[in-house]
Structure formats: structure tokens, C-alpha cells
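Read off the chains here:
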Amino acid sequence: MKLRCSSGNCRIALLLAAIAPLSGNSLAAFSPPKQLVVVTDDSYPPYLFRTDGGQLQGIIKDKWALWSRKTGVPVKVEGMEWAKAQETLKTKGADVIEALAYTEARAKLYEYSPPYAEVDARVFFHRSISGINDIASMRGFTIGAKDGSACSSWLEDRGIETIRRFPSSDAVVTAARAREVPLFCMDLPVAQYLIFKQNLADEFRQTSPLYVARFHWAVLKGRADLRDFIQRGYEGITAQELQDIQVRWLGSSMKLPIDPRYYYYLALLAAGILAAAVMLILWNRTLRLRVSAKTAELSAALGSLQTHADRLRELSAHHDSVREEERAHVAREIHDELGQALTALKMDLSVLGIKFGESNPEIKTRAQELRDTVDRTIQVVRDVATALRPAVLDFGILAAVESLVEEFQKRSGIRCTLEFLGTETRLAEDKSIMMFRIMQESLTNISRHAAAKNVEITVGLDATHFRLEVKDDGCGFDVEAVGRRKTFGLLGIRERVIMLRGELSIRSSPGAGTEVSVSIPYQ
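Residues numbered from 1 in each chain as written. Predicted model: local features only at pLDDT ≥ 70, side-chain atom pairs only at ≥ 80, totals over all residues. Heavy atoms only, no water.

Asks: Is there a simple way to explain the sheet that holds strand 3 (residues 48-50) in this structure?
Replies: Strand pairing in a sheet takes place through backbone hydrogen bonds and is either antiparallel or parallel in direction. The antiparallel open sheet is built from three strands, whose spatial order is 2-3-4. The outermost strands of the open sheet, each flanked by one partner alone, are strand 2 (43-44) and strand 4 (56-57). In this sheet, strand 4 lies alongside strand 3 in antiparallel orientation, the contact comprising two bridges. Within strand 4, the residue paired with Arg50 across the bridge is Leu56. (Pairing = 2+ DSSP bridges. Helix = DSSP H or I, 4+ residues; strand = E, 2+ residues; numbered from the N terminus.)

Structure, rendered in C-alpha cells:
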């Protein structure tokens, strides 16, 4: 009797017959699927992404199509948001998840295939920001990341809490382009594709690799039989076939074939160039000596200018210190002497009102009016003393900032939010005063020029630095144009930051609000 079967069923039967001796009785209980459903991120070029018409394409689609041809098992590749892809596999709406990096947490959920590719993850930041080179330098910045990505988990594990998640890599880069997030974390191949596609190569810089991830496909935990079945199918695919798919999407290195006979001419050309170079070196020797002499003179002049600039800055710092001491002295004199005198006058008026007011209502009324005037004068004295040197600075910079923000909100009517990150480390008194003045100048600029409705103030503290960020939703301005005008408010902030050996970043554009970031070392 002859048996007939379809080509697909025959291939499955042959595959099972070939692996039966290796799998023993465990394979007898396993039934190959009629169709495999593979899910992954549909915004992960070149592994999987959509054409302008919405069709899926990429390495993953071609690789599974090849597997299907080899095994005869139909494969349906579905692209979706990455977080949704993971959830679809967990709810058994799919059989396999692709392009999955290994983590300890995920190892409890999935059966992994052997790794087939390596990619590194990096943090990308706008060119206007400097100093981003490690985890500590990223603290306080909002970092964009794809929801459910290994990159966001890696940052969370290292204490980064200011992560803003987006449904796809496209959305992350779009938000970064719109300056909604100053930093974003992403795998290098995807970031390079999206950045170059949107002509943003000159806008962003990148850190060194945070880590190197190995890519796997995986099935749910407990489905090792399905994983082994799929892997045996891949063992029927040659390395060259997989390499052809990689080359199709990643390209190959460019090679310029040169006929060996041309090496002789290249050698002659190189000898000629070398001879010309020697002649040029000899010809320019005297010129270089003259240039060196002039350079030495210019260097000496620049050194002298730098010395004068440093002395002027030291003089300015001393002037500020003397001025703050004088302010503190005047504030104490006003508060103690004038305040006590006004308090005594108020008490005397109270005694007069009590002693003579009962028999003469006019005196009682007049005494009350004078007491009210004295109360208002006392309040004016307190306001003047506080403006000269807030007494709350004696309780630390954080208490001073909180008091300043509360007073600014009450006076201007602008809504403010204040957030403290980290644990307070007490600043030296002179640094506390300077940071308080920087904060005061920033809020003054907002009330005068920004026409803002909301202000966000963040104070971040760690083991080495005190960081201050003031962000408003006002009208914004052209930073370069304002910088050329040398406005005294911003100039004062810059000079104070330089004297504190800190870093200043001012980010703004017309209609997009303003963000002022200051970071100073404790020591």
C-alpha cells in the first residue's frame, strides 16, 4: 500500500524521523505546530520595520521565511509595539518572540535560543548638552526609552528614576528631536538608522556603550520542546544562507580591487610625494621657526591676559563676598536695632491707648492707628532685611530655596513645583549664598521676561555635586543672540558658576520655554 502526503507534511515527517533518535520519548508527546506565530517590535530596523506602505520587512522576516521553507511549517511574523509583543507572548497569543536580549528577570519567563547577534546600547544626547559620560552625569535629566526595553531596565537597576517611556523607537527619536527629552537610551543599530533617516546626525552625540546585548528568539518558560523543535529547524540552515540575509540588510564592506601591477606605479608616486615633502619641510623650516617665535610671543601675551582675567575674577569674587557680608551686617542692624525700636514704640502706644483711651476715645483711636502704622513699618523692615540677607540661609540651602520659591509663587502668581532629589549635603556658606543668588536671578528673569504660567525647579544632590534646574513654559528666547548682548542677569549667573568651578547649561528657543541647569562640586 502506498502512502501519499503533501510536501509540507512530508518535510515535517522527515524532520521528526531525523531527530527521533536524539529526543527519545520526550518527542513522542510533542506535536509540531501547524503554524508558528512570531511577534516582535515593528520599529527595529534593520531587523524588522515597515515600508511606507505599512508592509513588514527586515532580517527577522526573511530569516523566518527561510526557516519555513526548510521545515514546511508556515510562519506568521507579526510586528507591534515592543511592550505589546511581550504581553502577547505571555498571554499565548503567539509562539515565539524575536530580538530579545537576555536579562536575569526575563530568564524566569522565557526559554532562550542560542544567541545569534550582538548589539550595544548607548545614551544619545543633544549637542547643546555636555558632560554626559556615565550614570552619575545622567542623573537629573529626563531620559527617553522604549517601553519594555532592556535599556530602560538597565537604567532603572542603576538608580535612574527620571525615565520617560514611549511605545516605539520612532516615538523616542521624534520626542528627542522636539526637545521633549534631552537624552534617550537605545540600541545602536536602531538609533543610527532613525537619526540618519531624519537628518539628525549633527544634532546628537553618543556615549560609549552602556552594555553589549546578545539577541535571541525565545518561547514561554516550560515550552522547551517547542524551542528544541525550532532550533533543529535552524540547524538545517547553513551559515552562508543566514549570512546572505545579513548582507542583504546590513550591506557589505566596500572593497576597491587593485591590480598588482599598479603597486609599482603607486610606489613611484609615493616616492615622488615623499621627495616633495622633504623639500617642503626644508623650505618651511625657517618659516616654522619664525612662526614658533611669534607663537611664543602670543602665548606669553595670552598668558598675561588670562592672569589678569583670573585676578579680575578673584577681585569680583572678593567684592561679592564683601558685599554679602555688608548686606548681612546691615540686615542684622535693621532687624535688631530698628526692629527693637519699632517694637518698643508699639508697646508704648499700647500703654498710652490703655491708660488714656478709656477716658478719651479719640486718643484710643489715634493710638490704634499709630500701632497699625508701626506694624506695617515692622513688616517693611523685615522685608528689607530678608531681601538683603534671608535669615533662612542659616538653616541650609534647601530651606532657603524652598522659602524663595514659596515667596516667588505668592508674589508673581506663577505656579511652581519644587522637587528635591538625593540626600542633603550641607554647602559651605559662601557657596550657599551664591547658589541662592543664582536661583534668585533665574526667578527674577522669569517674572520679568518669560510670561510663564508654570515653573519646575529641581534640586539634585549626590555625593559630589549640587545640581539646580529651573525650567519654565514661557516665551523662550534665542540663547546665542542674547549671549551676544551680554545681559547682566545671565552674565552674573555665568560668572558665579565660573567662580564656583561649576557647569552651566542654558537651553531655550522662541516659544519653547527656557531651562537653566547648574552643577557645582561640593569641594
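Asks: How should I be thinking about the packing of helix 2 (residues 59-71) against helix 10 (residues 239-250) in this particular structure?
Replies: Helix-helix packing: each pair is described by the crossing angle between the helix axes and the interaxial distance. The interhelical angle for the contact between helix 2 and helix 10, taken along N-to-C directions, is 155°, at an axis separation of 9 Å. Regarding the angle of helix 2 to helix 10, the classification is roughly antiparallel. Of the two possible hands of crossing, helix 2 and helix 10 adopt the one that is right-handed. Contact residues: helix 2 offers Ile59, Asp62, Lys63, Leu66 and Lys70, while helix 10 offers Glu241, Leu242, Ile245, Gln246, Arg248, Trp249 and Leu250. Residues belonging to the contact of helix 2 with helix 10 are distributed by class as follows: six nonpolar, one polar and five charged. (Axes fitted to C-alpha atoms, helices over the stretch in contact; angles between N-to-C directions. Parallel < 35°, antiparallel > 145°, perpendicular 65-115°, else oblique. Left-handed = near helix turned anticlockwise from the far one by under 90°. Contact = heavy atoms within 4.5 Å. Nonpolar A, V, L, I, M, F, W, Y, C, P; charged D, E, K, R; others polar.)

Asks: Looking at this structure, how should I read the environment of Ile414?
Replies: Position of Ile414 relative to the elements: it lies in the loop between helix 13 (397-412) and strand 14 (415-421). Linking Ile414 and Ala452, residues 38 residues apart in sequence, is a C-alpha distance of 7.1 Å. Ile414 has contacts with Phe408, Gln409, Ile446, Ser447, Ala452, Lys453, Asn454 and Val455, leaving out every residue within four places of it along the chain.

Asks: What's the story with the pairing of strand 15 (residues 454-461) in this structure? I'm lost.
Replies: Taken residue by residue, a regular strand's side chains alternate between the two faces of the sheet. With six of eight residues buried, strand 15 is to be regarded as a mostly interior element. Two elements, strand 14 and strand 15, share seven bridges in a ladder whose sense is parallel. Along strand 15, the bridge assignment pairs Thr417 with Glu456. Pairing between strand 15 and strand 16 (residues 465-472): seven bridges, direction antiparallel. What sits directly across from Glu456, in strand 16, is Lys471. The hairpin formed by strand 15 and strand 16 contains three residues between the paired strands. (Buried < 20%, exposed > 50% of the residue type's maximum accessible area, 1.4 Å probe, protein only.)

Asks: Looking at this structure, how should I read the packing of aromatic side chains?
Replies: One pair of aromatic rings is described through two measures. These are the centre distance and the angle between the planes. Evaluated as defined, the whole model comprises 17 aromatic pairs. With a centroid separation of 5.3 Å and 75° between ring planes, the pair formed by Trp64 and Tyr234 is classed as edge-to-face. Pair noted here: Trp64 is in helix 2 and Tyr234 is in helix 9 (residues 224-234), with a separation of 170 residues, a long-range link. The two residues Trp64 and Tyr234 agree in class, both being buried. Judged by centre distance (6.3 Å) and plane angle (75°), the ring pair of Trp67 and Phe229 falls under edge-to-face. On the criterion of sequence distance, the pair formed by Trp67 in helix 2 and Phe229 in helix 9 is long-range, its members being 162 residues apart. An identical accessibility class is assigned to Trp67 and Phe229; each is buried. Directly above the ring of Tyr116 sits Lys63, whose terminal nitrogen or CZ lies 3.7 Å from the centroid. (Phe/Tyr/Trp six-rings, centres within 6.5 Å; stacked < 30°, edge-to-face > 60°. Lys NZ or Arg CZ within 6 Å of the ring centre and 35° of its normal.)

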